[in-house]
Amino acid sequence: MSRLATISKLNSSSPIIAPSMLKCDFSNLSREIELLEAANAQVLHFDVMDGHFVPNLSYGPMVIEKLRSCTDLIFDAHLMISDPDQYLDEYLKAGCDCITVHYEANVEPEKILTKIREADVVAGLAINPDTPVNQIEKFMSFCDLVLVMSVNPGFGGQKFMPVALNKLKELNKLTDDNVILSVDGGIGTETIAQTSKAGADFFVAGSSIFDTDCYTDAIKNLEALATIS
Ligand code: DX5
Ligand code: ZN
């Protein structure tokens, strides 16, 4: 799908619940995808970790590329890696629809976000809980998506950090309506509504989907709680 088609699909399906594949059953990935499709998920969020930018290791482009042939769902890659510029081409080739890099990962945001856009892929910039919004303000025009981390990246199952809420509010004021505001970490039935009220429209959820018996119910519940009436 083209970058603009992905953006328009994400905006028209808001609120988006994006299952974080860090928490899925790795022994049966294709079955997990079938279950998520049946649960009406629109997006799969891939947490890529290099054991350097974050103290944990997950999977890389080979796994994403193999899964690309299993489904047409939107692939959202969250690169928690040092020097993402060096590896970017591999994630583009793997068939990611959205690629998000971390501001803290020694990047030149204008340069890498432009490269992602030139490849017709949705360009995202992520910030850690300790990074204030004013540090990325000048890069907003290069972003299709901004991801606010509500935990320190590296592991699923951590507790939501409320510092994300004011950052979402600030970003909501700074960005135009087409920019997707994403929140990641500790999102579940207790926390999703407040992030939605703060301006998020894209919610990454790991434990609150994969630690339940029914992905359909889990996603439906989260969607309902994220829908502002
Ligand atoms: C954390 C990852 C998240 C995480 C989400 O570094 O970016 O996507 O796996 O998992 P939960 O929802 O369990 O916090
Ligand atoms: Zn993530």
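Before going into details, it helps to say that this report is about the structure given with it. (Residues numbered from 1 in each chain as written. Chains lettered and ligands numbered in written order. Predicted model: local features only at pLDDT ≥ 70, side-chain atom pairs only at ≥ 80, totals over all residues. Heavy atoms only, no water.)

Observations regarding the packing of helix H2 (residues 29-38) against helix H9 (residues 215-226)
- Two elements in contact, H2 and H9, have axes separated by 8 Å at closest approach and are oriented at 50°. In this view, H2 runs oblique relative to H9, as classed from their interaxial angle. Seen from above, H2 lies across H9 with right-handed handedness. Of H9, the residues touching H2 (which contributes Glu32, Leu35, Leu36 and Ala38) are Tyr215, Thr216 and Ile219.
- Class assignment for the residues of the contact of H2 with H9 results in five nonpolar, one polar and one charged. (Axes fitted to C-alpha atoms, helices over the stretch in contact; angles between N-to-C directions. Helix = DSSP H or I, 4+ residues; strand = E, 2+ residues; numbered from the N terminus. Parallel < 35°, antiparallel > 145°, perpendicular 65-115°, else oblique. Left-handed = near helix turned anticlockwise from the far one by under 90°. Contact = heavy atoms within 4.5 Å. Nonpolar A, V, L, I, M, F, W, Y, C, P; charged D, E, K, R; others polar.)

Quick look at helix H1 (residues 3-12)
- Residues of H1 that are buried: Arg3, Thr6, Ile7 and Leu10. Down the axis of H1, the buried set is contained in an arc of 100°. They therefore lie on one face. Facing away from the buried side of H1 by over 90 degrees, the exposed positions are Leu4 and Ser12. (Buried < 20%, exposed > 50% of the residue type's maximum accessible area, 1.4 Å probe, protein only. Arc of directions from axis to C-beta.)

Notes on the sheet that holds strand S3 (residues 74-80)
- Strand order in the open sheet formed by eight strands is S1-S8-S7-S6-S5-S4-S3-S2, with parallel pairing between adjacent strands. Looking at which strands have only one partner, the edges of the open sheet turn out to be strand S1 (16-19) and strand S2 (43-49). Shown here is a sheet whose adjacent strand axes are inclined to one another by a mean of 25°, direction ignored.
- Note that strand S4 (residues 98-102) and strand S5 (residues 122-127) share five bridges and pair parallel. In the sheet register, valine 101 faces S5, and the bridge partner there is leucine 125.
- Running at roughly 145° to S5, helix H5 (residues 109-118) makes contact with S4 and S5 of the sheet. (Pairing = 2+ DSSP bridges.)

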